[in-house]
2 protein chains.
Amino acid sequence: MVNDEINEAAEALKGFFRNHASGVAIITGLDLAGGPLGFTATSLTSLGTKPPLVSFNVAQGASFYKSLLVGRRVNLHALGLSNLELASRLAGPREHRFELDNWRPDTNGVPVFEGTVAILHCEILQIVEVEQNAVVIVRALDGEQFAPETPLLYHQRAFIAGGELLRSNG
Amino acid sequence: MVNDEINEAAEALKGFFRNHASGVAIITGLDLAGGPLGFTATSLTSLGTKPPLVSFNVAQGASFYKSLLVGRRVNLHALGLSNLELASRLAGPREHRFELDNWRPDTNGVPVFEGTVAILHCEILQIVEVEQNAVVIVRALDGEQFAPETPLLYHQRAFIAGGELLRSNG
(Lines give C-alpha, C1' and ligand atoms only; values in the text may rest on other atoms or scores of the structure.)
Protein backbone atom coordinates (compact mmCIF):
# COMPACT_ATOMS: atom_id res chain seq x y z
CA MET A 1 0.00 0.00 0.00
CA VAL A 2 1.20 3.55 -0.62
CA ASN A 3 1.46 6.01 2.27
CA ASP A 4 -1.92 7.68 1.75
CA GLU A 5 -3.66 4.34 1.91
CA ILE A 6 -1.78 3.39 5.09
CA ASN A 7 -2.76 6.69 6.72
CA GLU A 8 -6.37 6.25 5.71
CA ALA A 9 -6.35 2.72 7.12
CA ALA A 10 -4.77 3.98 10.37
CA GLU A 11 -7.51 6.62 10.68
CA ALA A 12 -10.14 3.94 10.06
CA LEU A 13 -8.58 1.79 12.80
CA LYS A 14 -8.54 4.69 15.28
CA GLY A 15 -12.17 5.50 14.49
CA PHE A 16 -13.15 1.87 14.94
CA PHE A 17 -11.46 1.53 18.33
CA ARG A 18 -12.89 4.81 19.63
CA ASN A 19 -16.27 3.11 19.18
CA HIS A 20 -15.24 -0.31 20.49
CA ALA A 21 -15.30 -0.33 24.30
CA SER A 22 -12.82 -2.29 26.38
CA GLY A 23 -12.29 -3.32 29.98
CA VAL A 24 -9.55 -1.51 31.89
CA ALA A 25 -6.87 -3.49 33.73
CA ILE A 26 -3.56 -2.85 35.46
CA ILE A 27 -0.51 -4.98 34.74
CA THR A 28 2.43 -4.98 37.15
CA GLY A 29 5.89 -6.52 37.07
CA LEU A 30 9.46 -5.78 38.01
CA ASP A 31 11.92 -3.75 35.96
CA LEU A 32 15.42 -5.01 35.21
CA ALA A 33 16.74 -3.28 38.35
CA GLY A 34 14.10 -5.02 40.49
CA GLY A 35 11.92 -1.94 40.93
CA PRO A 36 8.13 -1.98 40.54
CA LEU A 37 6.64 -1.36 37.10
CA GLY A 38 3.00 -1.06 36.19
CA PHE A 39 0.69 0.30 33.54
CA THR A 40 -2.97 0.62 32.65
CA ALA A 41 -4.00 -1.65 29.77
CA THR A 42 -7.14 -2.09 27.69
CA SER A 43 -5.99 -5.17 25.75
CA LEU A 44 -6.30 -8.04 28.24
CA THR A 45 -7.93 -11.08 26.64
CA SER A 46 -8.34 -14.71 27.61
CA LEU A 47 -6.49 -17.13 25.32
CA GLY A 48 -8.04 -20.35 26.58
CA THR A 49 -8.23 -22.30 29.83
CA LYS A 50 -6.39 -25.56 28.97
CA PRO A 51 -3.77 -24.41 29.81
CA PRO A 52 -4.95 -21.05 31.22
CA LEU A 53 -3.47 -18.31 29.04
CA VAL A 54 -3.97 -14.56 28.63
CA SER A 55 -2.72 -12.18 25.95
CA PHE A 56 -2.15 -8.43 26.00
CA ASN A 57 -0.65 -6.04 23.47
CA VAL A 58 2.13 -3.53 24.07
CA ALA A 59 4.20 -1.11 22.00
CA GLN A 60 7.85 -2.11 21.70
CA GLY A 61 8.62 1.57 22.31
CA ALA A 62 7.09 1.50 25.81
CA SER A 63 9.58 2.15 28.61
CA PHE A 64 8.75 -1.14 30.33
CA TYR A 65 8.99 -3.29 27.20
CA LYS A 66 12.59 -4.46 27.78
CA SER A 67 11.56 -5.74 31.22
CA LEU A 68 8.92 -8.09 29.79
CA LEU A 69 10.97 -11.25 29.36
CA VAL A 70 9.87 -14.87 29.05
CA GLY A 71 9.77 -16.54 32.47
CA ARG A 72 9.22 -13.32 34.45
CA ARG A 73 6.17 -12.81 36.65
CA VAL A 74 3.39 -10.29 36.08
CA ASN A 75 0.20 -9.58 38.04
CA LEU A 76 -3.02 -8.72 36.18
CA HIS A 77 -5.64 -6.65 38.02
CA ALA A 78 -9.31 -6.37 36.94
CA LEU A 79 -10.72 -2.95 37.83
CA GLY A 80 -14.04 -1.57 39.03
CA LEU A 81 -15.58 1.84 39.42
CA SER A 82 -13.72 2.48 42.70
CA ASN A 83 -10.39 2.06 40.86
CA LEU A 84 -10.80 5.10 38.57
CA GLU A 85 -8.04 7.09 40.32
CA LEU A 86 -5.73 4.08 40.23
CA ALA A 87 -6.31 3.55 36.50
CA SER A 88 -5.57 7.23 35.81
CA ARG A 89 -2.45 7.17 38.00
CA LEU A 90 -1.04 4.05 36.31
CA ALA A 91 -1.63 5.68 32.91
CA GLY A 92 0.18 8.84 34.03
CA PRO A 93 3.81 9.82 34.75
CA ARG A 94 5.94 6.84 35.77
CA GLU A 95 7.43 8.57 38.82
CA HIS A 96 4.01 8.85 40.48
CA ARG A 97 2.70 5.35 39.83
CA PHE A 98 3.97 3.70 43.01
CA GLU A 99 4.21 6.68 45.36
CA LEU A 100 1.06 5.91 47.36
CA ASP A 101 0.67 3.26 50.05
CA ASN A 102 -1.92 1.31 48.01
CA TRP A 103 0.24 -1.65 46.92
CA ARG A 104 2.37 -4.40 48.40
CA PRO A 105 4.88 -6.81 46.87
CA ASP A 106 3.64 -10.41 46.53
CA THR A 107 5.86 -13.36 47.50
CA ASN A 108 7.84 -12.83 44.27
CA GLY A 109 8.18 -9.09 44.89
CA VAL A 110 5.73 -8.23 42.09
CA PRO A 111 3.35 -5.37 43.00
CA VAL A 112 -0.25 -6.12 43.97
CA PHE A 113 -2.66 -3.20 44.09
CA GLU A 114 -5.08 -3.49 46.99
CA GLY A 115 -8.76 -2.78 46.48
CA THR A 116 -8.97 -4.05 42.90
CA VAL A 117 -11.69 -6.50 41.81
CA ALA A 118 -9.59 -9.55 40.95
CA ILE A 119 -5.96 -10.43 40.48
CA LEU A 120 -4.27 -13.09 38.35
CA HIS A 121 -0.65 -14.06 39.02
CA CYS A 122 1.02 -15.02 35.73
CA GLU A 123 4.32 -15.95 34.10
CA ILE A 124 5.34 -14.64 30.68
CA LEU A 125 5.24 -17.58 28.25
CA GLN A 126 5.87 -16.05 24.82
CA ILE A 127 6.34 -12.65 23.20
CA VAL A 128 5.29 -12.28 19.57
CA GLU A 129 6.77 -9.15 18.00
CA VAL A 130 4.69 -7.76 15.15
CA GLU A 131 5.95 -4.62 13.43
CA GLN A 132 6.39 -1.98 16.20
CA ASN A 133 4.19 -3.79 18.72
CA ALA A 134 4.07 -7.12 20.49
CA VAL A 135 1.53 -9.66 21.70
CA VAL A 136 2.56 -10.84 25.17
CA ILE A 137 1.24 -14.28 26.10
CA VAL A 138 1.20 -15.15 29.79
CA ARG A 139 0.24 -18.27 31.68
CA ALA A 140 -2.05 -17.94 34.71
CA LEU A 141 -0.66 -19.58 37.85
CA ASP A 142 -3.21 -18.60 40.49
CA GLY A 143 -5.40 -15.70 41.48
CA GLU A 144 -7.95 -14.18 43.80
CA GLN A 145 -11.35 -12.57 43.33
CA PHE A 146 -12.36 -9.89 45.78
CA ALA A 147 -15.75 -8.11 45.88
CA PRO A 148 -17.46 -7.88 42.45
CA GLU A 149 -18.00 -4.30 41.31
CA THR A 150 -19.41 -2.31 38.44
CA PRO A 151 -16.63 -2.64 35.83
CA LEU A 152 -14.38 0.21 34.70
CA LEU A 153 -14.34 0.65 30.92
CA TYR A 154 -12.71 2.75 28.23
CA HIS A 155 -14.79 4.13 25.34
CA GLN A 156 -14.62 7.22 23.14
CA ARG A 157 -11.34 8.30 24.82
CA ALA A 158 -12.95 8.30 28.26
CA PHE A 159 -13.29 6.11 31.31
CA ILE A 160 -16.91 5.00 31.66
CA ALA A 161 -18.79 2.73 34.05
CA GLY A 162 -20.56 -0.46 33.16
CA GLY A 163 -24.32 0.09 32.85
CA GLU A 164 -27.60 -1.74 32.55
CA LEU A 165 -27.77 -5.55 32.46
CA LEU A 166 -29.30 -6.44 29.08
CA ARG A 167 -29.29 -10.23 28.79
CA SER A 168 -27.72 -12.90 30.97
CA ASN A 169 -26.11 -15.98 29.47
CA GLY A 170 -26.49 -17.91 32.76
CA MET B 1 2.53 -28.05 37.12
CA VAL B 2 0.49 -31.05 38.16
CA ASN B 3 -3.16 -31.38 37.12
CA ASP B 4 -4.66 -29.94 40.31
CA GLU B 5 -2.57 -26.81 39.96
CA ILE B 6 -3.57 -26.41 36.30
CA ASN B 7 -7.26 -26.76 37.22
CA GLU B 8 -6.90 -24.24 40.03
CA ALA B 9 -5.17 -21.81 37.66
CA ALA B 10 -7.94 -22.33 35.05
CA GLU B 11 -10.59 -21.54 37.68
CA ALA B 12 -8.65 -18.42 38.70
CA LEU B 13 -8.54 -17.33 35.05
CA LYS B 14 -12.28 -17.89 34.60
CA GLY B 15 -13.00 -15.94 37.78
CA PHE B 16 -10.78 -13.10 36.64
CA PHE B 17 -12.41 -12.79 33.20
CA ARG B 18 -15.94 -12.94 34.63
CA ASN B 19 -14.97 -9.70 36.40
CA HIS B 20 -13.09 -8.13 33.47
CA ALA B 21 -15.53 -6.56 31.02
CA SER B 22 -14.95 -6.54 27.27
CA GLY B 23 -16.40 -4.90 24.20
CA VAL B 24 -18.52 -7.10 21.95
CA ALA B 25 -17.75 -7.30 18.22
CA ILE B 26 -18.76 -9.38 15.24
CA ILE B 27 -16.18 -10.83 12.86
CA THR B 28 -17.21 -12.04 9.42
CA GLY B 29 -15.41 -13.83 6.61
CA LEU B 30 -15.96 -16.51 4.00
CA ASP B 31 -15.70 -20.24 4.57
CA LEU B 32 -13.67 -22.49 2.29
CA ALA B 33 -16.75 -23.11 0.12
CA GLY B 34 -17.31 -19.35 -0.28
CA GLY B 35 -20.26 -19.16 2.10
CA PRO B 36 -20.63 -16.49 4.78
CA LEU B 37 -19.15 -17.12 8.21
CA GLY B 38 -19.42 -14.93 11.28
CA PHE B 39 -19.13 -15.01 15.01
CA THR B 40 -19.44 -12.82 18.07
CA ALA B 41 -16.07 -12.02 19.68
CA THR B 42 -14.95 -10.31 22.87
CA SER B 43 -11.22 -10.33 22.14
CA LEU B 44 -10.73 -7.57 19.55
CA THR B 45 -7.74 -5.39 20.41
CA SER B 46 -5.72 -2.78 18.57
CA LEU B 47 -2.11 -3.80 17.86
CA GLY B 48 -0.81 -0.43 16.73
CA THR B 49 -1.47 2.05 13.96
CA LYS B 50 1.83 2.05 12.00
CA PRO B 51 0.90 -0.18 10.24
CA PRO B 52 -2.73 -0.48 11.45
CA LEU B 53 -3.10 -3.92 13.02
CA VAL B 54 -5.71 -5.68 15.14
CA SER B 55 -5.55 -8.96 17.05
CA PHE B 56 -8.27 -11.35 18.18
CA ASN B 57 -8.16 -14.77 19.82
CA VAL B 58 -9.94 -17.92 18.66
CA ALA B 59 -10.05 -21.59 19.66
CA GLN B 60 -8.47 -23.90 17.10
CA GLY B 61 -11.46 -26.17 17.71
CA ALA B 62 -13.92 -23.55 16.41
CA SER B 63 -15.77 -24.64 13.26
CA PHE B 64 -14.58 -21.58 11.32
CA TYR B 65 -10.93 -21.89 12.34
CA LYS B 66 -9.80 -23.71 9.19
CA SER B 67 -11.24 -20.86 7.08
CA LEU B 68 -9.04 -18.25 8.73
CA LEU B 69 -6.04 -18.26 6.40
CA VAL B 70 -3.34 -15.66 5.84
CA GLY B 71 -4.32 -13.33 3.00
CA ARG B 72 -8.08 -13.81 3.39
CA ARG B 73 -10.42 -10.90 4.14
CA VAL B 74 -12.40 -10.39 7.32
CA ASN B 75 -14.75 -7.59 8.41
CA LEU B 76 -14.77 -6.41 12.02
CA HIS B 77 -17.94 -4.78 13.37
CA ALA B 78 -18.11 -2.64 16.54
CA LEU B 79 -21.47 -3.04 18.26
CA GLY B 80 -23.85 -0.80 20.20
CA LEU B 81 -26.93 -1.28 22.33
CA SER B 82 -29.16 -1.67 19.27
CA ASN B 83 -27.09 -4.69 18.15
CA LEU B 84 -27.96 -6.92 21.12
CA GLU B 85 -30.08 -9.31 19.03
CA LEU B 86 -27.38 -9.48 16.36
CA ALA B 87 -24.68 -10.28 18.95
CA SER B 88 -26.86 -13.07 20.41
CA ARG B 89 -27.67 -14.46 16.97
CA LEU B 90 -24.01 -14.56 15.87
CA ALA B 91 -23.15 -16.39 19.12
CA GLY B 92 -25.92 -18.94 18.51
CA PRO B 93 -26.47 -21.87 16.11
CA ARG B 94 -24.53 -21.46 12.86
CA GLU B 95 -27.52 -22.23 10.63
CA HIS B 96 -29.40 -19.16 11.86
CA ARG B 97 -26.59 -16.60 11.72
CA PHE B 98 -27.18 -15.37 8.16
CA GLU B 99 -30.89 -16.17 7.70
CA LEU B 100 -32.15 -12.59 8.12
CA ASP B 101 -31.98 -9.81 5.56
CA ASN B 102 -29.65 -7.71 7.75
CA TRP B 103 -26.39 -8.19 5.85
CA ARG B 104 -24.91 -7.70 2.40
CA PRO B 105 -21.69 -8.92 0.81
CA ASP B 106 -19.00 -6.25 0.34
CA THR B 107 -17.04 -5.94 -2.93
CA ASN B 108 -15.01 -9.03 -1.88
CA GLY B 109 -18.14 -10.99 -0.98
CA VAL B 110 -17.41 -10.79 2.75
CA PRO B 111 -20.53 -10.14 4.88
CA VAL B 112 -21.24 -6.67 6.25
CA PHE B 113 -23.91 -6.36 8.93
CA GLU B 114 -26.00 -3.22 8.49
CA GLY B 115 -26.82 -1.06 11.48
CA THR B 116 -23.61 -1.68 13.41
CA VAL B 117 -21.56 1.19 14.86
CA ALA B 118 -18.36 0.88 12.83
CA ILE B 119 -16.76 -1.55 10.44
CA LEU B 120 -13.13 -2.27 9.63
CA HIS B 121 -12.19 -4.19 6.47
CA CYS B 122 -9.08 -6.27 7.13
CA GLU B 123 -6.77 -8.91 5.70
CA ILE B 124 -5.35 -11.75 7.79
CA LEU B 125 -1.60 -11.12 8.22
CA GLN B 126 -0.42 -13.79 10.66
CA ILE B 127 -1.83 -16.59 12.81
CA VAL B 128 0.04 -17.50 15.98
CA GLU B 129 -1.02 -20.88 17.32
CA VAL B 130 -0.58 -21.22 21.09
CA GLU B 131 -1.59 -24.55 22.66
CA GLN B 132 -5.27 -25.12 21.66
CA ASN B 133 -5.93 -21.50 20.71
CA ALA B 134 -4.61 -18.92 18.28
CA VAL B 135 -3.95 -15.19 18.08
CA VAL B 136 -5.12 -13.94 14.69
CA ILE B 137 -3.39 -10.75 13.54
CA VAL B 138 -5.12 -8.76 10.81
CA ARG B 139 -4.18 -5.63 8.94
CA ALA B 140 -6.77 -2.86 8.58
CA LEU B 141 -7.34 -1.75 4.98
CA ASP B 142 -10.22 0.71 5.33
CA GLY B 143 -13.40 1.22 7.28
CA GLU B 144 -16.47 3.28 8.04
CA GLN B 145 -17.96 4.76 11.18
CA PHE B 146 -21.72 5.10 11.34
CA ALA B 147 -23.70 6.74 14.19
CA PRO B 148 -21.96 6.47 17.60
CA GLU B 149 -23.98 4.53 20.15
CA THR B 150 -23.85 3.34 23.74
CA PRO B 151 -21.45 0.39 23.51
CA LEU B 152 -22.43 -3.26 23.95
CA LEU B 153 -20.28 -5.09 26.51
CA TYR B 154 -19.88 -8.51 28.09
CA HIS B 155 -19.41 -8.86 31.87
CA GLN B 156 -20.29 -11.52 34.46
CA ARG B 157 -21.61 -13.83 31.69
CA ALA B 158 -24.10 -11.21 30.50
CA PHE B 159 -24.47 -8.55 27.83
CA ILE B 160 -24.47 -5.12 29.50
CA ALA B 161 -24.67 -1.55 28.23
CA GLY B 162 -22.02 1.09 28.66
CA GLY B 163 -22.92 3.49 31.48
CA GLU B 164 -21.95 6.79 33.05
CA LEU B 165 -19.08 8.87 31.68
CA LEU B 166 -16.50 9.11 34.48
CA ARG B 167 -13.51 10.97 33.09
CA SER B 168 -12.63 12.09 29.60
CA ASN B 169 -9.08 11.90 28.24
CA GLY B 170 -9.84 14.51 25.61
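It should be emphasised that the depicted structure is a prediction, and the values quoted were computed from it without experimental measurement.

(A) Just the overall build of chain A, in detail. Scanning chain A from terminus to terminus reveals 2 helices and 12 strands. Going from N to C terminus, chain A has its helices and strands arranged as α-β-β-β-β-β-β-α-β-β-β-β-β-β. Against the 2.2 N^0.38 benchmark of 15 Å for 170 residues, chain A shows a C-alpha radius of gyration of 17 Å, consistent with a compact globule. Across its three principal axes, chain A shows a C-alpha extent of roughly 50 × 40 × 35 Å. Expressed as a percentage of the 170 residues in chain A, the buried residues total 52%. Relative to all contacts within chain A whose residues are 6 or more apart in sequence, the contacts with residues 24 or more apart total 62%.

(B) Looking closely at the side chain of Asn133 of chain B. In this structure, Asn133 of chain B sits in strand β10 (residues 133-145). If we skip the residues at most four places from it in the chain, Asn133 of chain B touches Leu47 and Gly48 of chain A together with Val58, Ala59, Gln60 and Val128 of chain B.

(C) View of the relation of the copies chain A and chain B. Structural alignment of chain A on chain B gives an RMSD of 0.0 Å, achieved by rotating through 180° and translating 0.0 Å along the axis. What the superposition gives is, in effect, a two-fold axis relating one chain to the other. For chain A, the minimum C-alpha distance to the rotation axis belongs to Gly163 of chain A and amounts to 1.9 Å. In this assembly the copies share their binding face: 100% of the residues contributing to the interface of chain A also contribute to that of chain B.

So, how was this worked out
- Residues numbered from 1 in each chain as written.
- Chains lettered and ligands numbered in written order.
- Predicted model: local features only at pLDDT ≥ 70, side-chain atom pairs only at ≥ 80, totals over all residues.
- Heavy atoms only, no water.
- Helix = DSSP H or I, 4+ residues; strand = E, 2+ residues; numbered from the N terminus.
- Rg over C-alpha atoms; globule rule 2.2 N^0.38 Å.
- Buried < 20%, exposed > 50% of the residue type's maximum accessible area, 1.4 Å probe, protein only.
- Contact = heavy atoms within 4.5 Å.
- Least-squares fit on C-alpha atoms with pLDDT ≥ 70 in both.

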